[in-house]
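# Structure assessment
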Amino acid sequence: MPTTFIAPDGLQLSYTVWEGDGRHRRPVVLHHGFAADSQVNWVNPGVVDALVKAGFTVIALDARGHGESEKPHDPAAYGEDIMAADLTALFDELGLDEVCLAGYSMGAIVSLLVATRDRRVRCLAVGGVGAGIVDFGGVDARVVNRSQIAAGLLAEDRSEVPSAARPFRRLARRAGADVEALAAVMHATPHGPMQLTNLSAATLILAGESDELATQPERLAAGIAGARLVRVPGNHMEAVAHPAFAAALVDFFAYSDTGESRLPISSPA
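Residues numbered from 1 in each chain as written. Predicted model: local features only at pLDDT ≥ 70, side-chain atom pairs only at ≥ 80, totals over all residues. Heavy atoms only, no water.

## Quick look at the environment of Val-47
Here Val-47 shows up in helix α2 (residues 47-53). When its relative accessible area of 1% is taken as the criterion, Val-47 is described as buried. For the pair Val-47 and Val-240, spaced 193 residues apart in the sequence, the C-alpha separation amounts to 8.3 Å. Filtering out sequence-adjacent residues up to four positions away, Val-47 remains in contact with Trp-42, Val-240, Phe-245, Ala-246 and Leu-249. (Helix = DSSP H or I, 4+ residues; strand = E, 2+ residues; numbered from the N terminus. Buried < 20%, exposed > 50% of the residue type's maximum accessible area, 1.4 Å probe, protein only. Contact = heavy atoms within 4.5 Å.)

## Let's talk about the packing of aromatic side chains
The description of an aromatic ring pair uses the distance of the two centres, along with the angle that the planes make with each other. Inspection of the entire model under this criterion finds five aromatic pairs. On the numbers, 6.5 Å between centres and 70° between planes, the contact of Phe-56 with Phe-253 is edge-to-face. Of the two residues, Phe-56 sits in the loop between α2 and β4 (58-62) while Phe-253 sits in helix α10 (residues 243-258), which places them 197 residues apart along the sequence. Across the pair, Phe-253 and Phe-56 agree in class, each one buried. Arranged with centres 5.8 Å apart and planes meeting at 75°, the rings of Tyr-104 and Phe-245 form a pair that is edge-to-face. Here Tyr-104 is found in strand β5 (residues 99-104), whereas its partner Phe-245 is found in helix α10, with 141 residues between them in sequence. Neither Tyr-104 nor Phe-245 differs from the other in exposure class; each is buried. Through a chain of ring-to-ring contacts, three or more aromatic side chains come together here, namely Phe-56, Phe-252 and Phe-253. (Phe/Tyr/Trp six-rings, centres within 6.5 Å; stacked < 30°, edge-to-face > 60°.)

## Description of the side chain of Asp-37
Structurally, Asp-37 can be placed in the loop between β3 (28-31) and α1 (38-43). Although Asp-37 lies buried, it forms no salt bridge, and the closest oppositely charged side chain, Lys-71, sits 7.9 Å away as judged by the N-O distance. Dropping the residues within four chain positions of it, Asp-37 is found in contact with His-32, Trp-42, Asp-62, Gly-67 and Ala-175. (Lys, Arg positive; Asp, Glu negative; His and termini not counted. Salt bridge = Lys/Arg side-chain N within 4 Å of Asp/Glu carboxyl O.)

## Considering the packing of helix α6 (residues 146-154) against helix α7 (residues 166-175)
Contact geometry for α6 and α7: axes closest at 9 Å, N-to-C directions at 50°. Here α6 lies oblique to α7, going by the angle between them. Crossing hand, α6 versus α7: right-handed. Residues Ile-149, Gly-152 and Leu-153 of α6 pack against Phe-168, Arg-169 and Ala-172 of α7. (Axes fitted to C-alpha atoms, helices over the stretch in contact; angles between N-to-C directions. Parallel < 35°, antiparallel > 145°, perpendicular 65-115°, else oblique. Left-handed = near helix turned anticlockwise from the far one by under 90°.)

## Quick word on the side chain of His-32
Looking at the element boundaries, His-32 is found in the loop between β3 and α1. Note on His-32: relative accessible area 0%, which makes it buried. At 3.0 Å, the side chain of His-32 and the backbone nitrogen of Ala-63 are in polar contact. Among all residues touching His-32, those that are not within four sequence positions of it are Asp-37, Ser-38, Asn-41, Trp-42, Leu-61, Asp-62, Ala-63, His-66, Tyr-104, Met-106 and Gly-107. (Polar contact = N/O pair within 3.5 Å; in protein donor to acceptor, adjacent residues only side chain to side chain.)

Function cannot be read off these values alone, since they describe shape.
Now the structure itself:
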């Protein structure tokens, strides 16, 4: 069952814990993507189940504006830096000393920010991002126009929704999301350049082979010392649901925790 805690600015946020069997000392913390929530991003595709079956305790946060967490409509309540502070506050709330952290899309940006600042993140996996992190410090502005996404979410007439916004509109409807809150997320001030050289955690980058928001993931991998890159089938909305995504995630975290690996994880070319 979801549990709540209070974020640094007083907002009430929701998270869920699935207990592992004790094989692994580090829990896995999951941060979902924009317009999704923990259920849509991690539970429905089988990622949580795969991690729990592998023995991990799993903790999934519903980001502010999403899922069961509070959803203000003021853009000032959002931004990746604020969400990163929420994740750090969750570590504090649960008394976590070491974690494996995974994020997808928006959650990948937030997770990267946390990992550059918080040494409790010992292993990191990010999906749904690529060269946009290197060039813009976040979402790839060559592909996504945040204002258009916000307008598309709020449009009453489906014909007025820009093509780039349609997948997020469909995802928001599937998640039963508050579109005014999501529009506020898109209107928030985005994070600037990211200090990837500050990353000390073992890092895995998971990129969909046809993910338009994760182009040139090898450039992101090259910017993080020792990072590994695994490509999986699918576009931005499909890759996280492919069995190869969960398998690579489980294998990487198990290897980081115990040194035992089943799947080949190669360095970027």
